[in-house]
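Chain by chain, the residues run as shown.
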Amino acid sequence: MSGITKILSVDDSATMRKIVRGRVEALNFEFLEAGDGREAISIMYREYKNIGLILLDWNMPGMDGMQFLQAAKKEALFKPIPIIMVTSEGHRESIVLAIQAGATNYIIKPFTSDEIIKKIMTTVRKI
Ligand SMILES: [Mg+2]
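Predicted model only: the values in this text are computed from it and were never measured.

Q: Looking at this structure, I do not really get the nonpolar core. What am I missing?
A: Formed by 25 residues in total, the largest nonpolar core has its most connected members in Leu-8, Met-44, Ile-54, Leu-56 and Phe-68. Sorting the residues of this core by element identifies strand S1 (6-10), strand S2 (30-34), helix H2 (37-47), strand S3 (51-57), helix H3 (65-74) and strand S4 (83-87) as the ones contributing at least two each. Leaving out residues up to four positions away in the same chain, Phe-68 has contacts with Gly-37, Ala-40, Ile-41, Met-44, Ile-54, Leu-56, Met-63 and Ile-83. Judged by nonpolar contacts, the second largest core, of 15 residues, contains Phe-29, Phe-31, Leu-55 and Val-86.

Q: So what exactly am I meant to see when it comes to the pattern of salt bridges here?
A: Side chains bearing opposite charge may pair, as long as their charged atoms lie close to each other. For the structure shown, the criterion picks out six salt bridges. Across the salt bridge formed by Glu-30 and Lys-6, the nearest N and O atoms sit 3.6 Å from each other. With Glu-30 in strand S2 and Lys-6 in strand S1, the pair connects residues that are 24 residues apart, well separated along the chain. A residue is classified by how much of its surface remains accessible, and Lys-6, at 10% relative accessible area, is buried. Put simply, Asp-57 and Lys-109 hold a salt bridge, and the shortest N to O gap is 3.1 Å. A residue pair is termed long-range when its members are at least 10 positions apart, and Asp-57 in strand S3 and Lys-109 in the loop between strand S5 (105-108) and helix H5 (113-123) qualify at 52 residues. Owing to a relative accessible area of 3%, Asp-57 belongs among the buried residues under this scheme. Judged by its relative accessible area of 22%, Lys-109 falls in the partly exposed class. One connected set of salt bridges, linked through shared partners, spans Arg-17, Arg-21, Glu-25 and Glu-33.

Conventions used here
- Residues numbered from 1 in each chain as written.
- Predicted model: local features only at pLDDT ≥ 70, side-chain atom pairs only at ≥ 80, totals over all residues.
- Heavy atoms only, no water.
- Core = buried A, V, L, I, M, F, W, Y, C linked by side-chain atoms within 4.5 Å.
- Buried < 20%, exposed > 50% of the residue type's maximum accessible area, 1.4 Å probe, protein only.
- Helix = DSSP H or I, 4+ residues; strand = E, 2+ residues; numbered from the N terminus.
- Contact = heavy atoms within 4.5 Å.
- Salt bridge = Lys/Arg side-chain N within 4 Å of Asp/Glu carboxyl O.

Printed below as a string of structure tokens:
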């Protein structure tokens with residue numbers, strides 16, 4: 001057991017990952033990051049036992065957030081890991097689809113530091 005819960009940010013924007021990293025580390029979680037869905041899945045096979053939460057961007061080239069969400073919820077090893085969809089205003093109406101597909105929570109960009117901290121703390125699973 002590592003004893004430290006890890007949070008995985010899946011986002012094609014390095015700037016956004018950096019913002020998320022700041023909040024995650026301020027909360028004393030360990031930060032993992034992936035620039036796309038495929039990279040995230042390979043990290044998850046290695047780390048799924050330690051991952052307490054995934055923050056998932058919707059718009060990404062290649063495997064997008066919804067495709068990743070569906071793949072993650074199909075894999076029994078990953079299914080228990082809560083996922084927060086990180087969406088732009090344009091996807092507000094699609095949030096219900098993400099919840100139906102198994103997302104636990106969502107946050108709309110741009111978000112404040114307080115908002116993301118609150119979402120992380122209410123959604124992260126205890127390991
Ligand atoms: Mg993106």
